[in-house]
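Working through the structure, step by step
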Amino acid sequence: MDRDLLRQSLNYHGPSLLSLLRSEQLDNPHFRSLLGSAAESARGPPLQQPLQARKEKRVDNVEVQKFISKKADLLFALSWKPDAPAASEVNEDNEDSYAVMPPLEQFMEIPSMDRRELFFRDIERGDIVIGRISSIREFGFFMVLICLGSGIMRDISHLEITALCPLRDVPSHSNHGDPLSYYQTGDIIRAGIKDIDRYHEKLAVSLYNSSLPPHLSGIKLGVISSEELPLYYRRSVELNSNSLESYDNIMQSSLGFVNPGVVEFLLGKLGIDESNPPSLMRGLQSKNFSEDDFASALRKKQSASWALKCVKIGVDYFKVGRHVDAMNEYNKALEIDKQNVEALVARGALYATKGSLNKAIEDFELALENCPTHRNARKYLCQTLVERGGQLEEEEKFLNAESYYKKALDLDGTFKDAEDALQKLHKYMQKSLELREKQAEKEEKQKTKKIETSAEKLRKLLKEEKRLKKKRRKSTSSSSVSSGDESVSSSSSSSSSGHKRHKKHKRNRSESSRSSKRHSAKASSNQIDETRKDEYFPVPANTSASFLNQRQEMEKLLEKQDRVPSEKKQAKEKDRCPFSSSSVEIPDDFGGRSEDPRGFYNTDKTQASSSKTEKPYKYERHFSSRRDSSDSFSKNPEDKLKNYGYRKSEKDIEGRKEHHRKWEPGSVRYYSTSPASSDYSSKSVEKYKKYSGSRDFSRHEQRYQLSKNHREYGREDNYEEDIKTEVPEKDEVHSKEHSESGVKKNLPQNLLNIFNQIAAFEKEKGNKQKN
Amino acid sequence: MAGGSGASGRGPMEGIGLDCYGGGDAARGALGWAAPEARVHFRVTRFIMEAGVKLGMQSIPIATACTIYHKFFCEINLDAYDPYLIAMSSLYLAGKVEEQHLRTRDIINVSNRYFHPGSEPLELDSRFWVLRDSIVQCELLVLRVLRFQVSFQHPHKYLLHYLISLKNWLNRYSWQRTPISVTAWALLRDSYHGGLCLRFRAQHIAVAVLHLALQVYGVEVPAEAEAEKPWWQVFSDDLTKPTIDNIVCNLIQIYTMDTEIP
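- As recorded in an unreviewed UniProt entry, chain B goes by Cyclin-Q and comes from Phyllostomus discolor.
- Word for word, the UniProt comment on chain B under Function (unreviewed entry) is "Activating cyclin for the cyclin-associated kinase CDK10."

- The name given to chain A in an unreviewed UniProt entry is Tetratricopeptide repeat protein 14, with the source organism recorded as Phyllostomus discolor.

Some points on the pattern of salt bridges
- Following the criterion strictly, the structure yields 27 salt bridges over all chains and no others.
- One salt bridge in this structure joins R172 of chain B and D127 of chain A, with 2.4 Å as the shortest N-O distance. Highlighted residues: R172 of chain B in helix α9 (residues 172-177) and D127 of chain A in the loop between α7 (112-122) and β1 (128-137), drawn from two different chains.
- Under the relative-accessibility criterion, D127 of chain A is labelled buried at 4%.
- Across the pair K54 of chain B and D293 of chain A runs a salt bridge, and its minimum N-O distance is 3.8 Å. On the criterion of chain membership, the pair formed by K54 of chain B in helix α3 (residues 36-54) and D293 of chain A in the loop between α10 (262-270) and α11 (295-319) is interchain, its members lying in two chains.

Some words on the interface of chain B and chain A
- In this complex, chain B contributes 82 residues to the contact, which on the side of chain A involves 80 residues.
- Roughly 7600 Å² of surface becomes buried between chain B and chain A when both sides are summed, with 61% attributable to carbon and sulfur atoms.
- Broken down residue by residue, the surface that chain B buries against chain A is led by H161, W169 and R172 of chain B, which jointly contribute 10%.
- The tally of links between chain B and chain A comes to eight salt bridges.
- For the interface between chain B and chain A, the tally reads 35 residue pairs in polar contact (both at pLDDT 80 or more).
- Sorting elements by how many residues they give to the side of chain B that touches chain A places helix α8 (residues 155-169) of chain B first, with twelve residues.
- For the side of chain B that touches chain A, the residue count by class is 40 nonpolar, 17 polar and 25 charged.

Structural notes on α7 of chain A
- Along α7 of chain A, the positions that sit buried rather than exposed are D114, R115, L118, F119, F120 and D122 of chain A.
- For α7 of chain A, the elements touching its buried residues are α6 (104-108), β2 (140-148) and β5 (202-206) of chain A together with α8 and α9 of chain B.

Thoughts on the environment of N61 of chain A
- Along the chain, N61 of chain A turns up in helix α5 (residues 61-75).
- It is 9.7 Å that separates the C-alpha atoms of N61 of chain A and S16 of chain A, two residues lying 45 residues apart in sequence.
- When near neighbours in sequence (up to four residues on either side) are disregarded, N61 of chain A contacts H13 of chain A together with Q215 of chain B.

So, helix α13 (residues 341-354) of chain A
Residue and element names in this part refer to chain A.
- The terminal C-alpha atoms of α13 lie 20 Å apart, and with 14 residues this matches the ideal 20 Å at 1.5 Å per residue to within 8%.
- Within α13, twelve of the 14 residues are buried, leaving the element largely enclosed by the surrounding structure.
- Among the residues of α13, those classed as buried are V341, A343, L344, V345, A346, R347, G348, A349, L350, Y351, A352 and T353.
- For α13, the N-terminal capping position is held by N340, with its side-chain oxygen 3.1 Å away from the main-chain nitrogen of E342.

A short note on unusual backbone geometry
Residues and elements named next belong to chain A.
- Phi is positive for E109, which is not a glycine, with a value near 55°.
- Relative to the assigned elements, E109 resides in the loop between α6 and α7.
- Located in the positive-phi region is E201, a residue other than glycine, with phi close to 55°.
- Mapped onto the fold, E201 is located in the loop between β4 (188-197) and β5.
- The partly exposed category is assigned to E201, whose relative accessible area is 27%.

Some remarks on the pairing of β2 of chain A
Residues and elements named next belong to chain A.
- The buried fraction of β2 amounts to eight of the nine residues, a majority that puts the element mostly inside the structure.
- Sheet analysis places β1 next to β2, joined by eight bridges and oriented antiparallel. Its bridge partner lying in β2, I133 is registered against M143.
- If you look at the hairpin formed by β1 and β2, you'll find two residues sitting between the two strands.

Concerning the packing of helix α4 (residues 59-75) of chain B against helix α5 (residues 83-97) of chain B
All names here are of chain B.
- Packing of α4 against α5 leaves a shortest axis separation of 8 Å and a crossing angle of 135°. Put simply, α4 runs oblique to α5. Handedness of the α4/α5 crossing: right-handed. Between α4 and α5, the contacting residues are P61, T64, A65, I68, Y69, F72 and F73 on the first element and P83, I86, A87, S90, L91, L93, A94 and V97 on the second.
- Counted by class, the contact of α4 with α5 contains 13 nonpolar, two polar and no charged residues.

Some thoughts on the packing of helix α10 (residues 180-190) of chain B against helix α12 (residues 202-216) of chain B
Residues and elements named next belong to chain B.
- With their axes 8 Å apart at the nearest point, α10 and α12 run at an angle of 130° to one another. In terms of orientation, α10 and α12 fall into the oblique class. Considering how the two elements wind past one another, α10 and α12 form a crossing that is right-handed. Contact residues: α10 offers I180, T183, A184, L187 and L188, while α12 offers I205, V209, L210, L212, A213 and L214.
- Of the residues belonging to the contact of α10 with α12, the class tally is ten nonpolar, one polar and no charged.

Description of the state of the cysteines
Residue and element names in this part refer to chain B.
- By the definition in use, this model includes zero disulfides over all chains.
- Free cysteine: C74, not disulfide-bonded; nearest cysteine sulfur from C197 at 8.5 Å.
- When its relative accessible area of 57% is taken as the criterion, C74 is described as exposed.

Looking at the UniProt feature "repeat: TPR" (unreviewed entry) in chain A
All names here are of chain A.
- Summarizing the sequence annotation, UniProt attributes the feature "repeat: TPR" (unreviewed entry) to residues 307-340 and 341-374 in the numbering used throughout.
- Within the segment residues 307-340, helix and strand shares are 79% and 0% respectively, and the terminal C-alpha atoms sit 7 Å apart.
- The annotated region residues 341-374 carries 82% helix and 0% strand content, and the separation between its end C-alpha atoms amounts to 8 Å.

Considerations on the confidence of the model for chain B
Residues and elements named next belong to chain B.
- Averaged over all residues, the pLDDT of chain B equals 84, while 87% of them reach at least 70.
- This stretch, residues 1-34, has a pLDDT under 50; its non-local contacts, to residues over four places away or in other chains, come to 52 contacts.
- Interface confidence for the predicted complex, expressed as ipTM, amounts to 0.83; the pTM equals 0.62.

Some words on the nonpolar core
- Formed by 177 residues in total, the largest nonpolar core has its most connected members in F141 and L203 of chain A together with W231 of chain B.
- With eleven residues, the top contributor of residues to this core is α12 of chain B.
- Ignoring sequence-local partners within four residues, the contact set of W231 of chain B consists of L104 and M108 of chain A together with V207, L210, H211, L214, V221 and E224 of chain B.

Observations concerning the confidence of the model for chain A
All names here are of chain A.
- The share of residues in chain A with pLDDT of 70 or more is 56%, and the mean pLDDT across the chain is 68.
- Segment residues 38-56 is flagged for pLDDT under 50; beyond a separation of four residues in sequence, or across chains, it makes 16 contacts in the model.
- Note that pLDDT drops below 50 for residues 711-745; the model gives that stretch 66 contacts with residues more than four away or on any other chain.

The rules we used
- Residues numbered from 1 in each chain as written.
- Chains lettered and ligands numbered in written order.
- Predicted model: local features only at pLDDT ≥ 70, side-chain atom pairs only at ≥ 80, totals over all residues.
- Heavy atoms only, no water.
- UniProt positions renumbered as here; feature names shortened; annotations may be inferred.
- Salt bridge = Lys/Arg side-chain N within 4 Å of Asp/Glu carboxyl O.
- Helix = DSSP H or I, 4+ residues; strand = E, 2+ residues; numbered from the N terminus.
- Buried < 20%, exposed > 50% of the residue type's maximum accessible area, 1.4 Å probe, protein only.
- Contact = heavy atoms within 4.5 Å.
- Buried area = accessible area lost by both parts, 1.4 Å probe.
- Polar contact = N/O pair within 3.5 Å; in protein donor to acceptor, adjacent residues only side chain to side chain.
- Nonpolar A, V, L, I, M, F, W, Y, C, P; charged D, E, K, R; others polar.
- Expected span 1.5 Å × (residues − 1).
- Pairing = 2+ DSSP bridges.
- Axes fitted to C-alpha atoms, helices over the stretch in contact; angles between N-to-C directions.
- Parallel < 35°, antiparallel > 145°, perpendicular 65-115°, else oblique.
- Left-handed = near helix turned anticlockwise from the far one by under 90°.
- Disulfide = S-S within 2.5 Å.
- pLDDT = per-residue confidence, 0-100.
- Core = buried A, V, L, I, M, F, W, Y, C linked by side-chain atoms within 4.5 Å.

Structure follows, in structure tokens:
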């Protein structure tokens, strides 16, 4: 409660206000104590004086007093004050910012006596005055004030107020001579008030800036031109020449008055805060408004929920494979709410699925920045970093890869994949150093020989393969076997140092390779292998298996939240698994599928892949998705593979994972089952039929199978060869074979039976292995 | 219900908006009481001002919104349209007139929150767009009713200039001590709860609030007794003391409703 203010008001209004206040503010504890003391002082001498002086004014005041008493708690509150009491008056008031008016007293026509009195009452030390030099003496000069340069703006030009500027306050303009010689009578001087004798009405001014308060110290004192006179004074002079001008006219004709920014400017000048607007209405006390109810807060909240909705729609799109739509939704969400963590995470996940790992990492990192506790963001980021590290490893950017792994570990110290990958990388880097030395030696030796024979060798290899194929067909061995052979050959030829990995491949990819055919294939591939082994050592390593594993890990994680990224793969897996594996696995596969809303998507996908016979195997797909990593295939650190295989067999509890593994062997022989198979669930038959469409089912199937095999074969060879010039050659051969197989599509019907048998056999084996 | 009518009929605005909000019935219930219209307008303009503050509007756009609202209901019977919808459209229109553009979404959000304190922001569904459409359509109606005359001279600018002039004439310490400018500004803002702005000239209102502010704190203009012309007449030649008293009286009247209406 502002006591002084209340006292001032009480003095003005007299005891009637006091009694009103007492009754109105009875409940207000601040007033109760205050009014007691105020009452005493009001009863004293000040009470009589104002009463007598303004008796006639009391008449219409009752309403006002009632108003004051009702609002007294607001009106006299300490917070009811201008925030910035005195805005800096440095600004030499610009004509354009507001209508600078002549002084009020000029309009009110107040007698000079009172003006003079009020001037000496209100003038302060440090004010700037402007005057004309009237006389120069040896001790200084006298000036007649014409206007004020700061503080109060008064009309003093006719008051004949003189001020002395003593010699010591006049700065000298040259090294020698009298400083006063610089000045002439009639000069307009701007000076600071140094001393005031209010009683004798005497003023002393100074031309040194030290006489001014700090906020005015930039103002130049001394002689000024008439153009530098303050605007209000010039207006006042104009008014004197035409005293009929009204305040309103001058104001309205002023440029500053129509300035759109005038209100804002003057509010600042008067210290009124528009962001916290004052009101005497009880319901409009802005301190009672909750920040949450303000438009910006509400909009933010609304946008966040809108963005979240978009993310949900995007996720739904993602689930049905409409990745472009999903991306659009995510981007829309981020447009609505730039910092939306969920949208960032979802988009990152989509990027990761699409292989844009760097973009994914960016999104995840941004999400983590905005919400450091977001668990999924952290998890995905770790996964993606490791995957990206794997990529870099392939590209032989080991140091970069290492930093990615380390980053992942920094984020999550318990993240095992990163740790493993890092260890592996370190091991590998060490090894590759050694190997490189060896290789250098061998290369020296073989250099000349290789150049001569490389073309020959290839031709030989091709012949061998052709021969093998023919043999295979003759012996009516299943294509799965033959493809198995091929995978053996590929794996064995690509294996860097040997049999561990070789075994692994056998187990993983071609169980059936234990058939008699294996040996010859192996022999041939080994032959090639020997000659080539060293050539491929430096190529960075990754295996399809390890990659798949990573992908799957990722998948699993992603699926937990939005169940999206794995779809494509799962779809692939699913349309293969039923064929390659026998009935035992089928149920849980289908169980998984039927509860999976993406079921119909899978069939879509399958259709697509079957109609396009060149659609690669999953296995290949991964390779192609991993930016031309074909060359890396031939080079594999066996420990990595082993590691993954080992871990897989250990950890694979989840059904999906299980058939992921099963799928792997099946990838090359998924025709071992046929619709004729009795184990086969009718559902799958239906599905299969669906995508086979109206075409001759079995025929198509076989052709498809063959072409697929060739294709894969070709691909793998390509990986093996890694000699670009040879690729076309190969392709030629394969296309020939392709057409050949097209002609020979009428394979004996009993072939299917054989397929089934083999499938059963494999399944048994698989079970054993599992056990 | 409101959504349906808004979606189907783009033309008539009756009943749209209000029914979605709780405030409508209460406002209409007030019709039966004494001085009913003024009370309704007091409520609705208070809504305009509160929403204006929450929308970050400055004083002049808020004043314009209130003036549009009052002027509309000078022409149109209160029963004809939902006052709150008119208020929302007035806010929107005032933002355009005073170059402080508002977004309908913010207006709807703030209003919804005002009518349903603590509620979540509306979803941006079809119902929301219907609300938005009703505001935009109603804006056209308001424009037509006001014959497209929606630019007003507000007392704010005058008041500020008067304050500057007075500040220079008053002793600087007594000016600093007394919150005259804040009080005058508050009084002026509050005056829009009633139709003062339509009945009096801007200059007169400005002088009246300044007069009241000075009186409240017992501040006297120096040498007023000796002056040829009282300060308030300087600011506006055609102003008389009874006019000031009239405006002050009206203003105080508005404040009496503050305590009566929750």
